[in-house]
Amino acid sequence: MYTNLKRWGSVAVVLEKINHPNDIKKIDKEEKKVLAYEIRKFLVEKVSKNGGHLASNLGVVELTIALHSLMDFPEDKLIWDVGHQSYVHKILTGRKDRFDELRCTDGLCGFPKISESDCDAFDTGHSTTSISAGLGIVKAMELNKENHKVVAVIGDGSLTGGMAYEAFNNAASLKRNFTIILNDNHMSISRNVGGMSKYLSSIRTARPYLGLKENVENVLASIPTFGDRLVNRVRTTKNGIKALFVPGMFFEDMGIKYFGPIDGHDLKALNQTLLEAFSVEGPVLVHVVTKKGKGYVPAEKQPGKFHGVGPFDVKTGELISNGNGIKYTDVFANEIVKIARNNPKVVAITAAMADGTGLAKFKREFPNRFFDVGIAEAHGVTFAGGLSVGGLIPVFAVYSSFLQRGFDQIITDVALTNRHVVFAIDRAGIVGQDGETHQGDFDLSYLNLIPNLTIMAPRNAKELETMLDFAVNKVDGPVAIRYPRGEASKVLPNFNSEIKLGKAEVIAKGADVAIISFGNMFDRALNVCKLLEDEGISATLVNARFLKPLDEDTIVNIGRTHKLVVTLEENVKTGGFGEAVVCALSKNQVNVSTEVISIPDAFVPHGKVDELNKKLGLDTESILHRIMSAKISE
Ligand SMILES: Cc1ncc(C[n+]2csc(CCOP(=O)(O)OP(=O)(O)O)c2C)c(N)n1
């Protein structure tokens, strides 16, 4: 199933020589080609076990080898945008022996991490930060009178993010070298979108015309008397022929020297161009064209599937299934299509995550009502505000951690004027192997302070459906529904009562302890109740449904009739659901013991979701233990 890899033996002869940063400098030109093959084989085998970002890494093997051959680590600084494509860099900086534990609890991180290695220049995870970070590092070196190379590698997908242009704008006046590598594989996670993507593809396809440019100039120059003047005219007409013939004009006009496009799998071309680029005094962009998934047929054929992939069979490329249950994402995807069939005002927005959010299904059925804005969450929110002003009902499906990018826009461009925009917030709570930057553990805190916003969370698949319908058809104003990654709970699927604004659902009535569960904590709450019963403790169980408006009546009533109120949520403590409950009790002078069980106020590293929940005290046993040892005030 591998392409171009016939020479592979079972022993990685060259890769074995790479054990420390800069070891690559001892390897000659011919060996580097073998090394590229061996790295690809290594990546496919390792990622097939625990999953990870395969296709993007296969695409940057030669680029990373070329950069490492010319840079000195850790003194030189290499910043990987998003950072999902940093595996080859990790291999070349002495971390290959840790790949069996890639993305596992306490194992190697799937993204660059300064705390993991001093060869990682900047922690990344969210897109489009590399140019800003790199520029900051260059400026710091200038002030510190240090002189090392600084390189930012950014993909064409990440170039759809607005921060890149803020950084270009800022970098233009730079007087020292700052090399930006544009790794152009025409793909974001799925096919890239937008004007810049079109522009880049016009550069790629313009190559054959470069010869034509010389011909045109020769013909013009041969015209007696006026020829030279015509050539000059052609050369200086920015919006005319130059635009057709000068690749990278957009960057050049901004003051950023442009090199390329070059074949990102040709080590010789990479070496020559990088050497030239490093000698420029000022900002320079090297446009490198690569193939996502290069060298492994299944990934070349389906780069989107192998962008971030679970464990798979190396021979066939088939995923090794991890559960057959329906995922929350699929529940959302099916339901929003049904809702849109009955309500023509419904339109859907994604920020480059059509597959991840399930909106690909919506796109297939309603291509004109679907918008992929690129990796531009902040723009996506304001765009939704505009669609709403135009009388539509936008549903923005977005991962919790990426919506952080649109915080100001939710406040100012949506909530302030009470726009009816629905935020379908996927990957809320513990997300797992992608680590700190991807956990969805802050959304309740940053959303709860926004006036006018309704905030809900379903306890199972059925409730997600009814909440979506409620958000689209019954609420007039901004609404957020948060749901987690992974399989949807099927517990008590037919037990859902009607959704009423700001009303919690009391599932069971007891006398001693009251457990108020928010969203996906419900199954654990139910299990805890059963275990408490075994201990002779009778528990009330409440499915909160709403953080905003909060069901204060139910909370106060429960507080007055129980000895202990326990809240459960997958969100950090500060500003979360539990604090809102404690606040409501105190505001109403209810003196009852409380236990707020939530994610501690700290960044949550990578690992399996179950293992992380256990570590954080959010699994059934830990919750039970916490309740049993809680101090109850008389
Ligand atoms: C702010 C933000 N939104 C969304 C994502 C999810 N995401 C990760 S990689 C990626 C596509 C990146 O495409 P590109 O920069 O071209 O890199 P490639 O994988 O093609 O090499 C997206 C959308 C993210 N990491 N950060």
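Note that the structure is predicted; figures quoted are calculated from it, not measured.

Reading the values: the criteria
Residues numbered from 1 in each chain as written. Predicted model: local features only at pLDDT ≥ 70, side-chain atom pairs only at ≥ 80, totals over all residues. Heavy atoms only, no water. Pairing = 2+ DSSP bridges. Helix = DSSP H or I, 4+ residues; strand = E, 2+ residues; numbered from the N terminus. Axes fitted to C-alpha atoms, helices over the stretch in contact; angles between N-to-C directions. Phe/Tyr/Trp six-rings, centres within 6.5 Å; stacked < 30°, edge-to-face > 60°. Buried < 20%, exposed > 50% of the residue type's maximum accessible area, 1.4 Å probe, protein only. Lys NZ or Arg CZ within 6 Å of the ring centre and 35° of its normal. Core = buried A, V, L, I, M, F, W, Y, C linked by side-chain atoms within 4.5 Å. Contact = heavy atoms within 4.5 Å. Near = heavy atom within 4 Å. Polar contact = N/O pair within 3.5 Å; in protein donor to acceptor, adjacent residues only side chain to side chain. Areas by Shrake-Rupley, 256 points an atom, 1.4 Å probe, with all protein chains shown as cover. Nonpolar A, V, L, I, M, F, W, Y, C, P; charged D, E, K, R; others polar. Domains from an automatic or database assignment.

*Asks:* Account for the sheet that holds strand β9 (residues 422–426), naming residues and giving values.
*Replies:* Spatial strand order, β7-β6-β8-β9-β11-β10-β15: seven strands in an open sheet with mixed pairing. The sheet is open, and its two borders are formed by β7 (370–372) and β15 (546–548), each paired with just one other strand. Between one strand axis and the next, the sheet turns by 20° as a mean value, whatever way the strands run. For β9 and strand β11 (residues 479–482), the ladder comprises four bridges, and the chain directions are parallel. Residue pairing for β11: Ala424 is matched across the bridge by Ile481.

*Asks:* Run through the packing of aromatic side chains, naming residues and quoting values.
*Replies:* One pass over the structure, following the stated rule, counts 21 aromatic pairs. The interplanar angle of 85° and the centroid separation of 5.8 Å between the aromatic rings of Tyr296 and Phe306 together place this pair among those described as edge-to-face. Here the residue Tyr296 occupies a position in the loop between β5 (283–289) and α12 (297–301), and Phe306 occupies one in the loop between α12 and α13 (328–342), the gap between them amounting to ten residues. Across the pair, exposure class does not vary: Tyr296 and Phe306 are buried alike. Between Arg369 and the ring centre of Phe366, over which it is positioned, the NZ or CZ distance is 4.3 Å.

*Asks:* Outline the nonpolar core, listing residues and values.
*Replies:* Core analysis: the largest hydrophobic core is formed by 53 residues, its most contacted members being Leu35, Ile39, Leu43, Leu54, Ile65, Leu67 and Ile181. For this core, the leading source of residues is helix α1 (residues 29–50), giving seven residues. Setting aside residues no more than four positions away along its own chain, Leu43 makes contact with Leu54, Asn57, Leu58, Val61, Tyr87, Val88 and Ile91. Ala351, Val398, Ile516 and Val565 belong to the second-largest nonpolar core, a separate cluster that totals 47 residues.

*Asks:* Go over the site of the ligand, please, and point to the residues and values.
*Replies:* The environment of the ligand is formed by 23 residues, the closest being Ser56, His84, Gly157, Ser158 and Glu377. Contact between the ligand and His84: an oxygen atom at 2.7 Å from a side-chain N or O atom of the residue. At 2.9 Å from an oxygen atom of the ligand is found a main-chain nitrogen or oxygen belonging to Met187. Taken by itself the ligand offers 590 Å² of open surface, and the protein chains cover 98% of this. For the shell around the ligand, the class distribution of residues is seven nonpolar, twelve polar and four charged. When residues of the shell around the ligand are assigned to domains, at least three fall in each of domain 1 (15–209 + 248–301) and domain 2 (328–482).

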